[in-house]
Each structure stands twice: as structure tokens, then as C-alpha cells.
Amino acid sequence: MKALTSRKCVNRRKICVLTLVLACFGASTLFGQVAVSSPAPAAPEAPTAEAERVIVTGSNIPTAAEVGPNPIDTLTRDTIDKAGGRTTEELIRNLTVAGPNGVPTSNNGGGKTPGASSISLRGFDASSTLVLIDGHRVAPYPLGTDNGAVTFVDLNSIPRAAIESIEILKDGASSVYGADAVAGVVNIKLRHDYRGAEADVEYGNTLDKDSGEFASSLLFGVHSGDSNITGVINSYHRNSIFNHDRDYSNTTPAPSTNASPLNLQLSRDAVLAAGVSPADIPDGDTFFGHAPFRTSGNAPASDYTYSPRRSVVFNYNAYSEALPDSERYGGFVNLDHKFFGDQLVLYADGFYQNVKTGYDQAPAPSGSFQTPGNITLAIPPHAPGPTLGGPTYDETGVPMGAYNPFNPFQQIISGGTRARLIEFGNRIENNETDAFFSTLGLKGDKLFDGSWGYDASFRYSEVKNTSTAADFVSGSRFNRILNAADPIFDPTSPQYIGTTVPYNPFGDYRVPVPSNAQSVAFATVHPKETDISKLATVDVNIYTVSLFKLPAGGVGLAFGGQFRRESLRQEPDELLVEGDLLGTGPGNFTHAGRKTYAFYAEANLPVFGGDFTAPGLHALDFTAAARFEAFRNNDTNVLVPKFGVRWQPFDDSLTLRATWGEGFHQPSLIELFGTPTQGLAGGGSLIDPRTRTLITDEFPFIIRSNPTLQPEDSHSFSGGIVYTPKFLPSLTLTIDFYDIESKGRTFVPDLQNVLNRAFMGQSLPGELVLRDADGNVTFIQEAFQNSGSQKARGADFSLSYQIQTRFGMLTWLTQASYLDSFQFAEVPGQPESELRSGLRPGIESDDEGYLKWRANSRIDWAWKGLDLGMTVHYLDGFHEILNIGPQFPNGIKEHWVKQTWFFDVRGSYRFHFEEPVAVQAVAGYGKGSSTSDSELKQSATAQTANYGLPVWKQLLDDTTITLGCNDVFDHDPPQSAALANYPGFLYDSTGRFVYVSLKKNF
């Protein structure tokens, strides 16, 4: 399914879908006629309890069926409390259906979204998983992952305390929800209709006591007549973990050549003129040198070490954070009022969450001093005047008369020189996110004959992220502090910074140079960027559970429409736009928006069921849905169908189900209209296909948007069984198979693949790779394109068992996901690569892999207020390719990142005391008694004083104390060639984590 750009194609699709939908209605009419022509003898109907009908994720038609055609996992509030996840992100990303390409909180300080987190289902990127809150869309995070284009909903902005349940639809649902529901839907349902109050306080810390976590929440609910108000107030704080806090991550397998002492690119003439013996320097006109280790910056040139290549490396893991400081607070309130019972209900809600995240990164790297597209850095010669070799004044922009007295060489030092500016301190990324939404709606149920209902709502949501960087280095100011002739060192100049001594870059960071302090302060800057994402949505849904009656039950129908208006504004400040910051590329403004409207219809046809059965046909239902969606910004539209079947051949103990449907993913506003994105690549993350060696030099790259992009086409199939044996009704076994394929996906090519295609002469349109005279890569250009394909195939398994014994309730829940295949092709016609148990093509090592197996198993025992549980997590291993790394012997090309087992335990006790009988008897004064209310009140007070609970019992009554420990055996993450020495997106460095919570119900 490609974007439909011709009316003829649209009409053809409409005819096809509508024909199938009408066929369902035609069949239902036929069954209705058969039922009328052969009426059964009338019999008195026994009164039966009507099962409550609810709208389940994946459909707009209410249902009372426990098992439908769609595969859905549900996390109840009880499951959430016992899962051990401390945050919404941890809770959801620990699910077995979660795959790679999500956005983690851990080890994401260098990413474009360090303050956010997301889930991705089935290994597709995060934008292919639709996240809803109470069944409605919310604005995405205003920055995207994967080069800033992949949009997602931030899980960090949803407090765990506000969640009532989570429904995960493990199937495509574009026919119901529209764009982005390609791999599945996560519907987070917040607290509603609560009575009373609940206060919760939690504290936890790691075994090393280096990452304390404190959380608190207050849940309250008031009911008065036809009105309900429910609210949640929450706060959360967790301290950071640095890579150097763990033995397995305190070094990196790919240290940086942006180091201290500096790796200086020098000329032969200048070095010889400085008195260095020709025997101490390599052959050639240019080479590298560095000052002695632990020098104070005044060592003579004869003490320097010279080599053909850069020889000093820097371990950035000694400075960077693995898990950030995080602080969150906010609240949620919803209310509803019934005007005419269930037939007219006004509802509204308001949500606000503030999330602050602080990430420390290693001190700023300079990159190569002369890098195309970036400001040129240069250290002036020792004295004003002519230079000996090296780059010229014109090539570097160094003004005539500039000099640096600490430079032991009479040359301008630039070119491939690299520095690590440790004196400037760690670069700190402070992100503050303000997430808000509000909903106003009208809904009604059981109208007309009791089968009709409606829901009309308006929701406005907004996410604002403010990024403030601390201790970044201005490239232009850095050049000025290197020049002793600059006015900033002249006491008579208004630009004077308080010192006459220029910056001395020739020292070792382990021996601070006191005279550098004022220069460092002058060149340190604090850039800021504000990004805002907005979404306004109008939804109208009309439904009936019985359009007309069939022998098997009522025919369900839902239809409605949706209008969305979304906008994105990204506004970096002048420092970011000018690209004047060392260690980062230039920022760009983005002002974009679009309008979308959609219409949909959905039907549910019961063919067999209830009193109308046949051998092998205890129940048989068919579902059909279709959605038309148009995007006004680039004149594209789509029409997608979906069909499902639910079959119970013998009784309700065995259900077979299947679905098939089409889906689509609309390109993001950044992919369509964003300004070019620039950055630096290389630095140990890419392999040159010419030489099969690591590219240690950094070079610029640029990504361009493409307003002609079309929606991505997808097809999905699911099929499974749900079995609850009659001989063991407390046991439920579930198996669901899935097969998802997408084509024409919007993507920005991986830089490694761009290099590989250029080497083979197969570059895509818009791709460009430039090299210098020595063959070194100096620049890459790429653009978003409709291309490539990906296919996922696998199965989900679930076993739940619950039994009541003399000694309490025993519950066992096991879930496992199996990835049979994940195939990926970046270019149409290209052979698809199998990624299962491996990495993306062209990637040597990565922070996560496509795991063959993921599983969770929890056993829980509850008895008289005591609740004990244990959870086992299993993560399979995967292959990575190794060409570098001192920890691996030469010649090893493949490394198995081993599988892991983690064990969590928890125990809780709920205090509950029964009041004396006398107190209970007077609690309902005034009911059916001739005694006055005042007399009964006095009697109740007196009896309570004599027979009531002691104060300490009243305080403890309905109080729950929980003690838990995650990763009981303190297992380390498995070793890999990723920069943190372990797959940093799949695991974090928390280790054993002990927590305690106190919950009080009022």
C-alpha cells in the first residue's frame, strides 16, 4: 500500500474494502432472514446477569467477551505493583514484546533525546508503535531519535502512580487508530472513578548506595451523586550513576584520540627548527607529536614524543554518566458528571508533568582542528611573523601578529590536531520537559434500545522541552584565548578578561595550569534550545452493539471521524545555530505543521454463538474495519482495511483467533519539512570500506529533509489460540503468532551503509561521500527517502495459573516472546539481511541487538495480608562483529554477547484490623430506628471509646509495607564491544537495587 495520489486508485481501494464490509452485512442479513423463516418455539427466558461491556484497545465497539480476535496483553494495577518496575519506562520496556530501537533513559547522554524514553514493539523503530493515553493521542516528544526524525511519546512524562492499567495491542491497528499503529499500540489508562485516598512513599538504592531513588504519590477520589473526581499528585527523584562507578564500564573499548596531552599535527621544518634531532621524528613532511605526560605545559620540543599517527588516547568513560539525575513532579485530575444517567455524561481531565534530567558527558572534544563545515581551530606560532611549514595564516584564519608563547614550534598548529578540553569540565546536558494535556468530552451509552452509544471529545496536548547545556566550549572564543595578541589580554581594552596570559594548551590534564582559569571561563558557554510539540485532536465515535439481531447475537457497528492538527517548533539559540560549539554540530530551526482528517467504520458479525451453535461451531465471529486518512500538508492519503475472526469450536475453553490488515506510517514533520541536520561522524564509530580500518578522525555529515515523502505501507497478520482447560479452569495458555512487513519506509540511511555503497559505486540519490587527497573521508551528505523494507515474524507465549489453597492464593504468570526472523533491506531490490540474534547490517557493535528470546516469569503467594513474589527475567544473547578492541584477540571477527538471567524478589504485608461487633452495630445509626440521630451518635461515640481500635491500630489499618530487591544476585551486564563495554540500551548499570515502600489507604 503506497500513498494514493490518484482518485481512481482511492476509489478502487474504497470499492474493495466496502464490498468486503457489505458482504459481512449481507451475510448477517441472510442469517437474520433464516432465523425469521424458521422461528424456534418460544420459551420463557430465565433472568441472566448482563456482563459489563467495555471498549478494549483495538476496537471501537464495546464488548463483554473476555477473548477477542486481537492479541492483547493487559497489565492491571495489581500486576504493576508486583512487577518491580520503579518507573513507567522500566515497567513497559521490561515487557517481553519490547524490542530494539526504542529510546532508553540509560546511556543516552550523547543522543538527541537524553531526557526521554520510549518503547518500540517487534524491533521496528519507536514511531511505528502508537502510544495512547486513555485511548487518545498525545503530542510526541519534540525531538526525535535516530538523527532527530523518529518521533515517539515520552514514557518518562507518565508517572507510574497515575496508571490504572496498560493494554498492549500486539498487532497492527491503522484501520482503527490511523498512522503509526504499524507494530502495535500501547494504551495507558489512567486512574478513574476512585473512592477514598491512598498515600504512597517509596525509597530505594543500589548495593553501592550510589543511586538513591525517592518517590511519593497521593491518589484521591470523591463521589457525590452523579459526579466523580479522581486525582493523582506525584513526585520522583533518582541520583545518577557514572560509568566509572562500575568496574565493567570504567574503560571503553574505543578510546578517543581527542586527548590530553594534545595530539599535535606538526611539520618537519618546524620540529627540526625547535632543536629536535632528525632521529627522533618520523619520515615525512607531517606527523604527530605530543607533550610529555604529566607536563605543566612548559616542556621543550626535545621532550616531546613523535609518531606517524596520533598516539595519545582518552578514556571518556571515566567522566560520562550511564544513568542521569532525574527529577519529576506533577499531577492528574479527571472528573465526570451524569446529566441523564449513562446516556449523557460530561467528562474532562487535566494532566501536567515536569521532568528534569541531567546528563554528564565527557569534556568537550575538539575534533580535527580543520574539519570541513566546522569552525577551524588553530594555535598561533610561538612568535609573531613567518611560520616554518604547517598551514598558513590564510588557511586557518589566524590573524597576522597572533602568537602563543607556550607553543614550542614556529608554526600554526591545526590540521589533524585533536584536543580534549578537560580543564573546561564535563559537558552537562540539562533537559526540562513540561508535558500537558487536557480533554473535554461528552459520551453516552445504552441509548434508544439500549444498544447505542457515542463518544465525542476534544483533546489538546503539548510537550515543551528546554535543553540547557553547561560547560560547552565556544570554538571562536577558544581561538581567541590561544592568541596572546588578542584584545582580551590587553588591560587597556574594554574586552579585557582579567589576565594577560593566554591559554596554554600544551599541558597534561593531570597537572592543572593555574593561569588558564580566566581563559577557560571566557570560552565556556551555555547554549539553550527550546522545542515544542503540539497536538489538537477532535474525535467522534458512534457505536452500537446490536444494529440488528442475529441468532448468534447482535451485529456491532462503529463509525466516526477524527481531525488532528499538529505542529513542531525547534528553536536553538544563536550559539547552536552558528555551530560554534566544540563536540557538536550546528543546530537548526524547524517550524512545521500539518492537518489530518480521517473517517472510519468497523463491524462485528456474530455468526454462531449463544443459543445458536452447531457441531464444531460453539462461537464464530467476524470483524471488519476500514479507515480513510488524508494529510493536507503534502496531499497524500491512504485507505486501509483490517479483518479478524474468533472461533470457539467446542466451548469457551478453546479460542482460535486471527487478524489481517494493512497499516501505514506517515513521515514525521522533521523528515518532511525539517531544516538540514548536521553533525560529526567517525571518531571510532565507522569502518572505512576501502581499508577495513576504523575511522578515528571525525568529519561532518548533513541530513536533508524531503517534502515529497510518501506514507510507509505495511501488512500484518496475527493468529493464535487461547486455551483454558475445563479440568483446570485456573490455567490459561496463550500462543500468538505474528508476521509484519513494511515497505517504502521513510528512513535516513545508516552512515556506514552510505560509505559502503559509495565504495561499491551504488550511492542512492542525494548521497555524497567526499575524500581528501590521501583518501580520508571528509564529508557525507544524505537525505530522507522512501526506500527499504523490513519484516518481522515470531510468536508470543503466555501461561497463567492461579489456585486457591488452604494457605492462600498461588499465582504463576510466564510470558515469552520468540523472534523467528527479522529481515531488513535498506534499498529496494537489495537482498534482505537476517538480523535475528544479531545487529543491523553494517554495524560492528551496538547498544542492543535483535534477541531471539525474551521471557519473564513471576510466581506470587498471598495469604492473610502477606504477599510474597519472585520474578525471573531472561534476555537472550546476540552476535556482534569485532574488528577492533584490545580486550579481544586479533583475528576474532564474531563475538557472542551472552544471555542473562535476572531475579527480583518482593514481599509485602497489609495490616487490617476488624472493629469490635458493638462498634460495627452502631456505625449505621439512624437506619430503621426510632431513636434520634443525636442519641445514636452519642451512643456510638461512647461505645467506640470503650470498644474501638487503639490509636496505633487505627494508624496501621489498611497500611501496606513492601520490601523488594531487583537483581538479587547483582549480575553484571554481558560484555560487548559497545562504548560502555556492555549493550547500554538493553541493560543499565543499576545492579542490585533494594527498595521499601509504605502505602496507606484512607
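Please refer to the structure higher up on the page.
So, a few notes on the structure that sits alongside this text. As the structure is a computational prediction, the values presented were derived from the model and not from experiment.

1. Overview of the overall build of the chain
1) Next: When helices and strands are tallied, the chain shows 14 helices and 46 strands.
2) Next: Relative to its full complement of 1002 residues, the chain shows a buried share of 55%.
3) Next: Put simply, 72% of the contacts in the chain that link residues at least 6 apart link residues at least 24 apart.
4) Next: Of the roughly 42,000 Å² of accessible surface on the chain, a fraction of 57% belongs to carbon and sulfur atoms.

2. Topic: the sheet that holds strand 10 (residues 286-290)
One key point about sheets: their strands pair by backbone hydrogen bonds, in either a parallel or an antiparallel sense.
1) Next: Spatial ordering of the open sheet is given by 9-10-11, a layout of three strands whose pairing is antiparallel. With one partner strand each, in any of the chains shown, strand 9 (264-267) and strand 11 (305-307) form the two edges of the open sheet. Averaged over all pairs of adjacent strands, the angle between their axes in this sheet comes to 40°, without regard to strand direction.
2) Next: With three bridges connecting them, strand 10 and strand 11 associate as antiparallel partners. Bridge pairing links H290 to T305 in strand 11.

3. Some words on the pattern of salt bridges
1) Next: The final tally for this structure, using the stated rule, is 40 salt bridges.
2) Next: For E571, the salt bridge is made with R569, and the minimal N-O distance between the two is 3.1 Å.
3) Next: For R569, a relative accessible area of 31% gives the class partly exposed.
4) Next: Connected through salt bridges with shared partners, the residues D73, R122, K170, R657, D736 and D796 form a single ionic network.

4. Side note on the side chain of S467
1) Next: Inspection of the secondary structure assignment puts S467 in strand 16 (residues 452-470).
2) Next: The class for S467 is buried, based on a relative accessible area of 12%.
3) Next: Ignoring sequence-local partners within four residues, the contact set of S467 consists of N430, N431, P527, K528 and E529.

5. What to know about the nonpolar core
1) Next: In terms of nonpolar packing, the biggest core is built from 40 residues, with I92, I119, I166, I168, V186, I188 and L190 touching the most fellow members.
2) Next: For this core, the secondary structure elements donating two or more residues are helix 3 (88-93), strand 2 (129-133), strand 3 (163-169), strand 4 (184-190), strand 32 (731-743) and strand 38 (808-825).
3) Next: Non-local contacts of I119, meaning those with residues more than four positions away in its chain, are made with I92, A98, A126, T129, V131, L155 and V186.
4) Next: Counting 36 residues, the second largest nonpolar core, distinct from the first, contains L264, V473, F522 and A523.

6. A short note on helix 11 (residues 751-759)
1) Next: Of the positions making up helix 11, those classed as buried are L751, Q752, N753, V754, L755 and R757.
2) Next: Backbone geometry just after helix 11 places G761 at a positive phi near 70°.

7. Quick word on unusual backbone geometry
1) Next: Note that the residue after S260, namely P261, is joined by a cis bond; omega there is 0°.
2) Next: With respect to the secondary-structure elements, P261 resides in the loop between strand 8 (241-242) and strand 9.
3) Next: Even without being a glycine, R122 presents a positive backbone phi close to 65°.
4) Next: Mapped onto the secondary structure, R122 falls in the loop between helix 3 and strand 2.
5) Next: Among the residues examined, R122 registers a relative accessible area of 7% and is labelled buried.
6) Next: Although it is not a glycine, D970 adopts a positive phi angle of roughly 55°.
7) Next: In this fold, D970 is placed in the loop between strand 45 (959-966) and strand 46 (993-1001).

8. Concerning the environment of P408
1) Next: Tracing the backbone shows P408 in the loop between helix 6 (393-396) and strand 15 (427-447).
2) Next: Using a relative accessible area of 23% as the deciding quantity, one classes P408 as partly exposed.
3) Next: C-alpha of P408 to C-alpha of G297: the two residues are 111 residues apart in sequence and 10.0 Å apart in space.

9. Examining the pairing of strand 46
1) Next: As paired strands, strand 5 (residues 196-206) and strand 46 are joined by nine bridges and run antiparallel to one another. Residue pairing for strand 46: Y203 is matched across the bridge by V996.
2) Next: Of the strand pairs in this sheet, strand 45 and strand 46 are connected by eight bridges, and their pairing is antiparallel. Looking at strand 46, one finds that G964 is bridged to Y995.

About the cut-offs
Residues numbered from 1 in each chain as written. Predicted model: local features only at pLDDT ≥ 70, side-chain atom pairs only at ≥ 80, totals over all residues. Heavy atoms only, no water. Helix = DSSP H or I, 4+ residues; strand = E, 2+ residues; numbered from the N terminus. Buried < 20%, exposed > 50% of the residue type's maximum accessible area, 1.4 Å probe, protein only. Contact = heavy atoms within 4.5 Å. Areas by Shrake-Rupley, 256 points an atom, 1.4 Å probe, with all protein chains shown as cover. Pairing = 2+ DSSP bridges. Axes fitted to C-alpha atoms, helices over the stretch in contact; angles between N-to-C directions. Salt bridge = Lys/Arg side-chain N within 4 Å of Asp/Glu carboxyl O. Core = buried A, V, L, I, M, F, W, Y, C linked by side-chain atoms within 4.5 Å.

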